[in-house]
Each structure stands twice: as structure tokens, then as C-alpha cells.
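Listed below are the residues making up each chain.
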Amino acid sequence: MLHVEDLRFIHPGQPLEYCFNFTGQAGEVTAISGASGSGKSTLLDLIAGFLEPRSGQIKLDGADLASLPPERRPISLLLQSESLFEHLSAGRNIALGLPPRTAKEIIRQKVDQALGEVGLSGVEHQIAATLSGGQKQRVALARTLLRDRPVLLLDEPFSALDDETRGTIRDLVGVLTRSHGWYTILVSHHADDVEQLAQRRYRLDEGRLELY
Amino acid sequence: MGGAGESHDIMAGRMLTLPHRPFRIAAAVALAVAITVLIALVLWAILAAATEASGTSRVDIPHLLRMTSIQAGLTTILSLAVGTALAWSLNRLRFPGRDLLVGLFASAIVTPGMVVAFGLLAIWGRNGWINQASNALFGVSIGNPAFGLSGILFAHVVLDAAFAARILLARLDAIPTNRLKTGQSLALTAWQRFALIDWPALRGSIPGIGAIIFLLAFTSFPIVLLLGGGPANQTLEVAIYAAVRQDFDLSGAVRLAATQIAVCSVVILIASALAPVPTSFGASASPLWRDSTAARMLQSLVLAIATLGFVAPLLSVLIDGFGSIGRVLAQPTFWWATVTSLAVGSASALLTLVLALALAMGRGATGNKPLRTLLGMPAFAYLAVPAVVLSLGFFLLVRSLGAAPAQAAPFVVIVANSLLALPFAIATLGPPLEAITRGRGKLMRSLGLSGWRQFRLVELPLIGRDLGVMLALAFCFSLGDLGVIALFGTQDLQTLPLMMFRAMGSYRNNDAGAIAAILLIGTVLAFAGLPKLFGKIADAAR
Ligand SMILES: Nc1ncnc2c1ncn2[C@@H]1O[C@H](COP(=O)(O)OP(=O)(O)OP(=O)(O)O)[C@@H](O)[C@H]1O
Ligand SMILES: [Mg+2]
């Protein structure tokens, strides 16, 4: 179980103190919605370790993550944009999900397999800058597969996509979450993303999360 | 807005989006401290000599200060105005050869001052092309506008306006396409477009560029030495050189150096407060938005005049120089000077590369404000302590250590030249490295990339060309240097610029012209070739 407990934070110079409480289950998508500026990205930054909370705990199956630096947390990120290094090929980007000094043969095999899983076989040599928005998000998801970290944080990952593509990628996220048993946390202000995908829904208002 | 990590990340280390790179930071701190100590030693040597030597001296510091300030102020204003107009024109007009022209203006910053001064004399001088033509056609002479204050300003503006234009053009080219689309759909006039779209993009860079130009003009050495025509138009630099090498007035030189350092430090303090925020790099797609016909005619005119003013002197150097190149090539001293110049240039370029890369990477790796300030300082050190002053300091230092200046000369020339290139090298490498760690820090950190992978996969491919540009800058700077070598040069240690200067001093103007042509060609080759080469290397690293 992913358990965020009394996670408190104040942006310097801002009056509001955030206090986050929520739980997520393995293989489930937890959705966070709320007005623009309500603090959704702030919450994800705290979980990912990019911001330091004043107090509180982030527990994954009993182990506290809050003391780990971002790179050591069992977490993958998928942002609205900027998830890839644009100058590297799709394959190179995906391979960054593997430990350094992985054998070439294994890299190729795993990259192929991951691309197959996200339905994008054959683009590994294409430079990321030339991929479409939907393809980029799939490549980023493929990297997430190789990293295979149990927590997946999604910050408006579908916003830049057209309706049809967003449907496909959304379904893909659902499928992968279930099959890999991830704790997926989805930030979105689109009602239909939340309805289609989430098993558990929170609304963020005045610095507090409310189940609805 | 993608979360909190984008702009507020320097705040008191609260944002943890910077990858953890203790080794980079430690290396940068060590180098910054080493450079600071070196500069401090040099300053100490100068000040110690100043208190010691209290003999009478005839240097008129207030007069020099006034003249130099007027000259540098005028240079700055004129260069910024011309540079802005030129960048504006280049940004709008599309024509065959545009890239070549932009490249040419970019090379202004490395074109040796001596070469430009020589070219101006060849065109505007007493026996220059224009006087010859005017004498032949109308039987009147136009005098010698290439001499004195007008000549100095002319030469400075030729170089510095092109330098400013290149930077400002990059700002204009980076204006987001969507902003241009919006402006075009609102049917802005050419003037509105400049005021509402261009100027806001340029404004942030103007004070920083202005400060650099002011310092360059204030400390200008070869141009003033060649075109100044005596004490009336000296800079402090030239006065120091004259005091040391001509009048043997060491106490005067030291007082001048102290003044020079004080003034430059004040300008730098002001400038660093005004330093432009590094914007993201990369150009947006070129728009199909043409200004009105009148505006386009003005742009073409600006471009034509600027091109003529910049290209004509250099062309004249090449044409005149090749006439007498045979005589020079036959001299063994020429070949020695060439070898010396190439060796000094390469060594100081490599040293600059190491220093700039280490300092810029260390600075990019930390969000700690005092530390960032410390790591930014070496970039300014040399501007505060320019070529001739640094040489003087080294000279005094070496002497007080009991070593012979001639033995220390090669070392001093290499170190001094690479410190001279350092501000420009850091200005070239710093912003892109910074943009990478700021923009991609979250991603790199969450992927747990090691420092080496960060360099190999992300930084090297993205800054490869900049590395080439930086090496070319450093190489060309020391290839064209006269300020350091003029004080430290000996019969054994003679570079091409020093040989050229000596040739002019003994009225062998044809020899000087031939060397000027060779220097110009070497500069252009290095400046055009190195970035291409490194671009290729970087592509291979992808
Ligand atoms: N570094 C910071 N310093 C001060 N205030 C900040 C900082 N980062 C974010 N904020 C403020 O905190 C609030 C929450 O920001 P956050 O980015 O988390 O909102 P969000 O819910 O993700 O909004 P959106 O839906 O627009 O992405 C905003 O009011 C924002 O202005
Ligand atoms: Mg957000």
C-alpha cells in the first residue's frame, strides 16, 4: 500500500500550508483533480522528492520514502512534456531506464520488447524530437516499463494529445498499471480521464485532499 | 506550468531537482580558488611595487581617465546602436549568403585588433585607397580620419557592433514562433513589431553587452597603440606599456595599473548586477512575416553600410598583404613566429577549455547562491585585470621571485591569454549547460543518471558545437594577442602579432601587411573550422 500521511509543505512566501493524506493500492490508478494552482504538481514533486516536506511520511508497503533522494525513490515520472531527451533516439531514451553498463544485446532486446508493449515497434532509431506527441508519451511509458518502479506519477500526461490518441494512451496506462501492479497517481483536470481510469478519486482544495 | 521546478529552483536549496554532483562542484571550487589566488598574487605584486616605488613620474592619470572614459563611452553607445540596427536587419532579411555574412560578423570578436587597425589605415589612412582615389579624381586629400579618436572609434565600432549584433540576433531568432504568429495576426507595423516583440527580447541583454563593450574599449590595446597617435588618445593600457617599455617609469606604470583595476572593477560590479538572465537556447522556425517596403529598404541600407564598413578593411588587408607575402615567407623568423603563435594558441585554448568546462559545470550543479557567485567570479577576474596589467603583475612577480622574465615568458603568455578568453568561454558554455541542468534536472535526477552519462549522452551532444566555438575563441584570442606579448616578448619569444608590430615600428609596412593577412586567414580558418569539427564529434556521441 502507498500511504501518504500528514505530508506538510509551504511554498516560500505563500500563506497556504498544504497537508496531504491519501492511500493508493497496487494495480490501481488514484486520480487527483483540482483547480489550476491548487497544488497538484506540488504534491507530485513532494512524492518524487523534488521538494522537501516540512513533516509527514510517504510509506510504500511500510518503508518510508521521504528520506531518500529522488533518484533512489521507487518512482517513475511521466510529465505533460519534456519527458524525453529530444536529441537522442527513441531507443537511447528508453535504454536510460536500464542500469549503466547493461550489455548491448540485452539493451536491444529489452527496448524492443518495451516498444512492442506500448505498440510502437520499429521507431527505436528515430530522433525523439521528430516523434509525435502521442508517440513521445508512449516512448516515455516504454522507459517506465524498463525501470519497473512500482510508483508511477503522471502530471497531465494526456493534455497535449488529441482525443483519439489520449483515449489509447489512457487505456495503455490502465492496462500497464494492472498488469505490473503499479501504484499509479494521475493528476488531471479532465473529468473523463478520471472517470475512465481511476479506481480512487481525490479532489485537492485549500491544501487538503478529499475523497469523492 | 509544469510544477514548481522551473524557475524557483535556486531558492535556498529547497528544490532538489539538480542532480547531485559533488565532484563537479569540488573541482570547480578548487579551480576558482586557484585562479583567485593567482590574480591576488599578481595584484599583490603590483601594489607592493607601488608602495615601494615612490619616485616622480610624469603620468597624468586624471587626463588619461577622462580621455579613456569618453572614448569607451562613445564606443559603447555607437556599437550598441549600430549592433541593434544590424541585428534587426539580419533578422528580417533573407538573401543568399546570409549565413556567410552572419558568420563573418560573428568572427568580429576574434578578429585581431591589429588587423582591423591596419585595414582601416589601408582604406582611410593618409596613403589609403580613399585618399588615393580622391587625389586622383579631385586633387584633394581627405586627411587622415583613421588616426586619432575618430580612427579608434571607427575600429572599435567595426568590431564591437558586429559582436553585439551577433548576440542580439540570436535573441531575436529565439523569439517563440507563437508570439510572432500572434503579432502578425494583429497586423503590427514594423515599428510596433520592434517595440512590442523585438525590444523586450533584446532589452535584457543590452546592459551586459554594453558593459563588455565598455570594458573592451576601456582596455583596448593594439587599436589604440596603432591608431591613437600619441598621448592625446591613449588608454591606460597603452600608457602602462609606454611607461614600462619606453620611459622605464615603473612607478608610473604601477599607479596606472592600480587605477585601471579600480575602474574596471567598478564597471564589472555594475555589470554583474545587470547581467542578463540566460534564456533558453535554440532558434525558432523562421517566420514568413515581412515588414513594410520602407522598413525593408532601411534594413537593406543598414546591412549594406555595415557590410561595407566591416568587410572593406579586412578585404584590403588581404589584397595588400598578398602582394608582399613572398618576402615574409622567405624569412626564418617568420616561421619561428608562426610555430610560436600556433603553440601558444593551442596550449591556451586547451587550458581555457578545461577551466571553462569545469567552472561552468560546477556552477550549473549547485543552487547555492554564494557558491554560484564564487564560481562566477573567475570569469570576471581577467576583465578587471586586463592583458597589459596582468603582464605587468606577472613581470613584477617573476622578478620578485628571482627568476628571469624571459624564462617565465611562455608560461605567462599561455596563462594570461587563457584567462583573457575565460569570460567569453564561460559565456559560451555556461548558459547551455545551465539550461540543461535546470530544464532537464528533474528527468535526469529521477532516472538516476551518473555524472558521466549526463555528460556523454546529454551535455556533450547538446554543447558540442559550443565547445568548438569556445576553443576557436580562445585560440583566436591568443593568436591575435599583442597586449601580453608586447611586455613579455623577447627576441626568442616572438609571435606573429609581435613580429607585425615590430615590422611596423621599423617602417616595413609591407611585411606587416603580409603578416596581417596571414593572421586574418588563420583566424577565419580556426573560427569557421573548429565549431564544425566539434559539431561532428558531438553528433557522433548521440
Ligand atoms: N517554487 C514556488 N514558490 C512559490 N510558490 C509556488 C512555487 N511553485 C508553485 N507555487 C505556487 O503554488 C501553487 C500550486 O502550484 P502547482 O504547480 O502545484 O499547481 P497545480 O495544481 O499543479 O496547477 P496546474 O493545474 O495549473 O498545473 C500555485 O499557486 C503556485 O503559484
Ligand atoms: Mg501542475
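Here goes a summary of the coordinates provided. (Residues numbered from 1 in each chain as written. Chains lettered and ligands numbered in written order. Predicted model: local features only at pLDDT ≥ 70, side-chain atom pairs only at ≥ 80, totals over all residues. Heavy atoms only, no water.)

So, the overall build of chain A
Helix and strand counts for chain A stand at six helices and ten strands. Referenced to the eigenvectors of the C-alpha coordinate spread, the extents of chain A come out at roughly 50 × 40 × 35 Å. The 212 residues of chain A split such that 52% are buried. Taking all contacts inside chain A whose residues are at least 6 apart in sequence as the whole, residues at least 24 apart take part in 70%. Working note: accessible area of chain A is about 9300 Å², and carbon and sulfur atoms make up 46% of it. (Helix = DSSP H or I, 4+ residues; strand = E, 2+ residues; numbered from the N terminus. Buried < 20%, exposed > 50% of the residue type's maximum accessible area, 1.4 Å probe, protein only. Contact = heavy atoms within 4.5 Å. Areas by Shrake-Rupley, 256 points an atom, 1.4 Å probe, with all protein chains shown as cover.)

Thoughts on the nonpolar core
With 170 residues, the main nonpolar core has A:Phe85, B:Ile240 and B:Met500 as its most contacted residues. With 18 residues, helix α18 (residues 405–447) of chain B is the single largest residue contributor to this core. Beyond its immediate sequence surroundings of up to four residues, B:Ile240 is in contact with B:Ala253, B:Leu256, B:Ala257, B:Val388, B:Val389 and B:Leu392. (Core = buried A, V, L, I, M, F, W, Y, C linked by side-chain atoms within 4.5 Å.)

Observations regarding the interface of chain B and chain A
Counting from both sides, the interface comprises 27 residues of chain B and, opposite them, 29 residues of chain A. Summed over both partners, the interface of chain B with chain A buries about 2500 Å², with 61% contributed by carbon and sulfur atoms. Joining chain B to chain A, the criterion identifies one salt bridge. Residue A:Asp45 pairs with B:Lys442 through a salt bridge whose shortest N-O separation is 2.9 Å. Taken together, chain B and chain A are joined by four residue pairs in polar contact (both at pLDDT 80 or more). Elements represented by at least two residues in the side of chain B that touches chain A include exactly α18 and α19 (451–480) of chain B. (Buried area = accessible area lost by both parts, 1.4 Å probe. Salt bridge = Lys/Arg side-chain N within 4 Å of Asp/Glu carboxyl O. Polar contact = N/O pair within 3.5 Å; in protein donor to acceptor, adjacent residues only side chain to side chain.)

Comments concerning the pairing of strand β3 (residues 28–33) of chain A
Each regular strand shows side chains that alternate between the opposite faces of the sheet. Residues and elements named next belong to chain A. Among the six residues that make up β3, five are buried, leaving the element largely enclosed by the rest of the structure. Where β3 and strand β8 (residues 183–187) come together, five bridges link them in parallel fashion. Considered in β8, the bridge of Glu28 is made with Tyr183. Relative to strand β9 (residues 200–205), β3 runs parallel, the two sharing four bridges. Each bridged residue has a counterpart across the sheet, and for Ser33 the counterpart in β9 is Arg203. (Pairing = 2+ DSSP bridges.)

A few points about the environment of B:Gln299
All names here are of chain B. With respect to the secondary-structure elements, Gln299 resides in helix α13 (residues 293–323). For Gln299, a relative accessible area of 0% corresponds to the buried category. Sequence separation between Gln299 and Ala87 is 212 residues; the distance between their C-alpha atoms is 9.6 Å. In contact with Gln299, not counting residues within four places along its chain, are Trp88, Ser89, Arg92, Leu93 and Asp291.

Describing the environment of B:Ala379
All names here are of chain B. Position of Ala379 relative to the elements: it lies in helix α16 (residues 369–384). Considering only alpha carbons, one finds Ala379 and Met504, 125 residues apart in sequence, at a separation of 34 Å. Non-local contacts of Ala379, meaning those with residues more than four positions away in its chain, are made with Pro423 and Ile426.

Describing empty space enclosed by the protein
Residue and element names in this part refer to chain B. All chains considered together, the criterion is met by five cavities of 30 Å³ or more. Lining the largest cavity are 30 residues, with Leu216, Phe221, Pro222, Leu420 and Phe477 sitting closest to its centre. If you list the elements that add at least two residues to the lining of the largest cavity, you get α6 (148–173), α9 (206–218), α10 (222–227), α16, α18 and α19. Partitioned by chemical class, the residues of the lining of the largest cavity number 20 nonpolar, seven polar and three charged. Quantified by volume, the second largest cavity comes out at close to 70 Å³. (1 Å grid on protein atoms, 1.4 Å probe; cavity = no way out; pocket = protein on both sides within 12 Å on 5 of 7 lines; lining within 4 Å. Points joined across faces, edges and corners; volume = space filled by probe spheres on them. Nonpolar A, V, L, I, M, F, W, Y, C, P; charged D, E, K, R; others polar.)

Here's the deal with a positive patch on the surface
Residue and element names in this part refer to chain B. Together, Arg166, Arg465, Lys532 and Lys536 make up a region of like positive charge exposed at the surface. Along the chain, Lys536 falls in helix α22 (residues 509–540). Looking at Lys536, the relative accessible area reads 62%, which means it is exposed. (Patch = residues over 30% accessible without salt bridge, like charges linked within 9 Å, V, L, I, M, F, W, Y side chains within 5 Å. Lys, Arg positive; Asp, Glu negative; His and termini not counted. Charge placed at Lys NZ, Arg CZ, Asp CG, Glu CD.)

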